[in-house]
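These are the residues of each chain, in order.
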Amino acid sequence: MNSVLASLRAGGDPDALSSARTTLPRRSAKPAWSYMAACVAAITTAAIGPEWLRAPLMLLAILAGLGATIYAVRRVALPAHRRPWRLLLGAATLFLVGIVIRAVVPGAGASPPTSMALIPDAFVLPGYVLMGYGFADLLRRRRAADDDPARVDALLVGLAAAFMCWTYLIVPSMSQTDLTPLRVANSFFPVIDVVLLVLAAQLALSGGARQPSLWLLILAAGTMFSGDFIFMLRDGGLADVPQHAIDVLFMATFLLVGAAGLHPSMRTLTEPQQIVVKDLSKVRTVLIALMVVVPTIITTMRPVTSLLNSIVSAGLCSLLILAVFARVVRSNNSRARAERATRRRATHDALTDLPNRELLAETIASWGERAADDQQEISLLFIDLDRFKMVNDHWGHQVGDELLCEVAGRLSTQIRGEDLVCRIGGDEFVIALASPSHSALAESLADRVLAEFARPFELSVGNVVISASIGVAKAHGGARALELIRDADTAMYKAKDNGRNAYALFDTSLREEVRDRMNLEQALRRALPRGELAVHFQPIVDLTTGQIDGFEALMRWNHPTLGAVSPVDFIPVAEETGLIVESGAWLLREAAAQLAVWTAQRGPGARRLHVSVNVSVRQLRDRAIVDIVHGVLSDTGLGPDQLWLEITESGVMEDIETALKTLNELRALGVTLCIDDFGTGYSSLSYLNRLPVGIVKIDRSFVGRVGEHGSNEPIVRAVLAMTRAMNLRVVAEGVETELQRDWLREQGCDLAQGWLYGKADLPENLEPWIRPQVTA
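Residues numbered from 1 in each chain as written. Predicted model: local features only at pLDDT ≥ 70, side-chain atom pairs only at ≥ 80, totals over all residues. Heavy atoms only, no water.

Q: Whenever I open this one, the sheet that holds strand 3 (residues 428-436) confuses me. Can you help?
A: The mixed open sheet is built from five strands, whose spatial order is 2-3-1-6-7. The open sheet has two free edges, formed respectively by strand 2 (420-423) and strand 7 (503-505), since each of these has just one partner strand. Strand after strand, the sheet turns through a mean of 20 degrees between neighbouring axes, direction not considered. Of the strand pairs in this sheet, strand 6 (residues 468-475) and strand 7 are connected by three bridges, and their pairing is parallel. Within the sheet, the bridge partner assigned to Gly471 lies in strand 7 and is Ala504. Contacting strand 1 (376-385), strand 2 and strand 3, helix 16 (residues 397-413) runs over the sheet at an angle of about 10 degrees to strand 3. (Pairing = 2+ DSSP bridges. Helix = DSSP H or I, 4+ residues; strand = E, 2+ residues; numbered from the N terminus. Axes fitted to C-alpha atoms, helices over the stretch in contact; angles between N-to-C directions. Contact = heavy atoms within 4.5 Å.)

And the structure:
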């Protein structure tokens, strides 16, 4: 830039620098490219046009560039991102002041320079500083400084440029006989350009978006360095370069900066960029090699002129080699860090940062190798959060993740330093520990973990209490990780079957149970397509008249080899696997179709019967149940009052809001909703009042001793009194004796079912009940 000031009289071109910060168009790039086209025309005219037109063109470029930069700062750049552009505008203004001083102050622009050159230099040097600060601010805002390879490569560019300046500019200048201090000082001006070139190179080499504005700014830095370097060669009498060529270079510099400011992509220069370190391209590899090889060859082949020259040249070459060495070291370290990070991602859970299943398996394998020799046993605690899905469904997955992190923290506080806490699934954690054989360390730890879960977890939504089911499995030397995890998982399910919020120890009988359960599941998946399922109906009788009121439809399974499989065995499997949704819909259709047949047989004057069908928790969650019921009523022609749907208290309470929505839609169809097994679940009056039910079924466990002054009689009386007050009808389940029937009738119970009236049976065996005259 110092050379620009000196060349003004010859038609120099400071305009383009001022233009550095112009980004007129915010949406369209057309004005920027139009500006570039005009710039090309101006440069062409200055290069081959008449000499008298060159100075006016330079002045016009300066004024246009400053105006465009001011406009960009005020109207284009975002308010929070204006500082680097203001710095560039300040640099352009200082350069303009220096140019004016050189043009109007006698001797200020003389070549060779005189003491008067210090006046414009007092403005030019701060201009360089502001420009460098502006480039550095762009780097900081783009976060390009985080790219280590780009930083080293930019340093290589700077060292190579400094070597060329020293070799071909500074050393020849110092060897001249008419050397003055000002000429020596001027020969160091390109060193300032080297600093700017390093910053521009780092912008170019770092990751992130490389938009047109960035490339234009980088080209501007390169042409400015070239112009200053060539000018100093000419000013020092080291090369015969026409002033006209230097002017064209600097005119191109200012115009490139102006185009960078005008292009809409200028905003990306101040936006944070995602730094992605990629493989070296062939071009970049060749450039790095040239940065080292060329200075080394020059140093080797040039004759020794002075000790100082040898020392500086050797020092710069050494710095280049050290920079390459630093790049190699950084590259190796980066690869090692990347491998460690990849290894950690592969062996640790991303959410909780706990070890995952892979690291757990490796740890168990390593422990197993020395467990037999040290008489140690390996224990696993398989921990599963009870009803964790309700947390996600109610508060969302963000709160669920928050809870998982809190659980991870608590579990980590309960173990010894040599133990391991892992997260191996959604809400599944495992604690692995090695202890002396036959110790109760695992059981003691399980008790402490359960006690920890009794304390509320403080989450963003407030205090949340959740319980856990724990399976404990132990193995001695030679433990296989997958088998031990599987055994602990099996024991955990035993804890859930025992009521949750407990721990269970694994034994070999559980493995057989799991095998039988898997066989049962596979057989159940084939049961419906093969026609192995059947519907049995159990009579429900009106206690006042003794007449049939309806039937409860019950699913039965008769397997070709297993025989009659108890519902107690296969219904839970169907629930867990989701098979209950399909089979439950089948049961509903079959039961309704059979009732339609019976209704037609009984004739229009007979008492309207109903059929009661159980609806599972899975079906309540699956909103398709509403459409299925609607379709069944339409297909069979049954009245909605003839279809009863039974739900359990515990099933509704698992997700009461979702259940309520489904139940209200079902009630809107006109069907009757029943609470099954009342008294065995929550039995809350507030919940019962919220549910749109019309029938309450008292569980058989309360009916068994009534009429004999049993302890359950007050409970049954209370339920009957409560339901009467709420206008609900009551069905007593499990009625087996006439004494029970008579006592229930005296207490005002409406309906009854049980072995007194008959077991659940196939439709063809229930014909006596279908005839209207039958009375129990």
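Q: Can you help me understand the pairing of strand 11 (residues 610-614) in this one?
A: Each regular strand shows side chains that alternate between the opposite faces of the sheet. When you tally the buried positions in strand 11, you get four out of five residues, the bulk of the element. Both strand 9 (residues 548-559) and strand 11 contribute to a ladder of four bridges, which runs parallel. Directly across from Ala553, in strand 11, lies its bridge partner Val613. Across four bridges, the pairing between strand 11 and strand 12 (residues 643-648) is parallel. (Buried < 20%, exposed > 50% of the residue type's maximum accessible area, 1.4 Å probe, protein only.)

Q: Looking at this structure, how should I read the pattern of salt bridges?
A: Proximity of charged atoms lets side chains of opposite charge pair with each other. Counting across every chain of the model gives 28 salt bridges. A salt bridge links Lys474 to Glu377; the shortest N-O distance between them is 3.8 Å. Of this pair, Lys474 sits in strand 6 while Glu377 sits in strand 1, and the two are 97 residues apart along the sequence. Taken together, the shared-partner salt bridges connect Asp542, Asp549, Arg607 and Arg729 into one network. (Salt bridge = Lys/Arg side-chain N within 4 Å of Asp/Glu carboxyl O.)

Q: Please explain the packing of helix 15 (residues 388-395) against helix 16 as it appears in this structure.
A: Between two packed helices, what matters for the description is the angle formed by their axes and the separation of those axes. It is at 6 Å that the axes of helix 15 and helix 16 come closest, and there the two elements cross at 140 degrees. Comparing the axis directions of helix 15 and helix 16 gives the class oblique. Across from Phe388, Val391, Asn392 and Trp395 in helix 15, the residues of helix 16 making contact are His397, Val399, Gly400, Leu403 and Leu404. Its residues assigned to classes, the contact of helix 15 with helix 16 comprises six nonpolar, three polar and no charged. (Parallel < 35°, antiparallel > 145°, perpendicular 65-115°, else oblique. Nonpolar A, V, L, I, M, F, W, Y, C, P; charged D, E, K, R; others polar.)

Q: Would you mind going over the pairing of strand 14 (residues 695-698) with me for this structure?
A: Of the two faces of strand 14, both are covered, the one formed by Ile695 and Lys697 as well as the one formed by Val696 and Ile698. Two strands pair when backbone bridges link them, and strand 13 (residues 672-678) and strand 14 are joined in this way by three bridges, in the parallel orientation. When the bridges of strand 14 are listed, Ile675 appears paired with Val696. Bridging between strand 14 and strand 15 (residues 729-732) involves four bridges; their strand directions are parallel. Within the sheet, the bridge partner assigned to Lys697 lies in strand 15 and is Val731.

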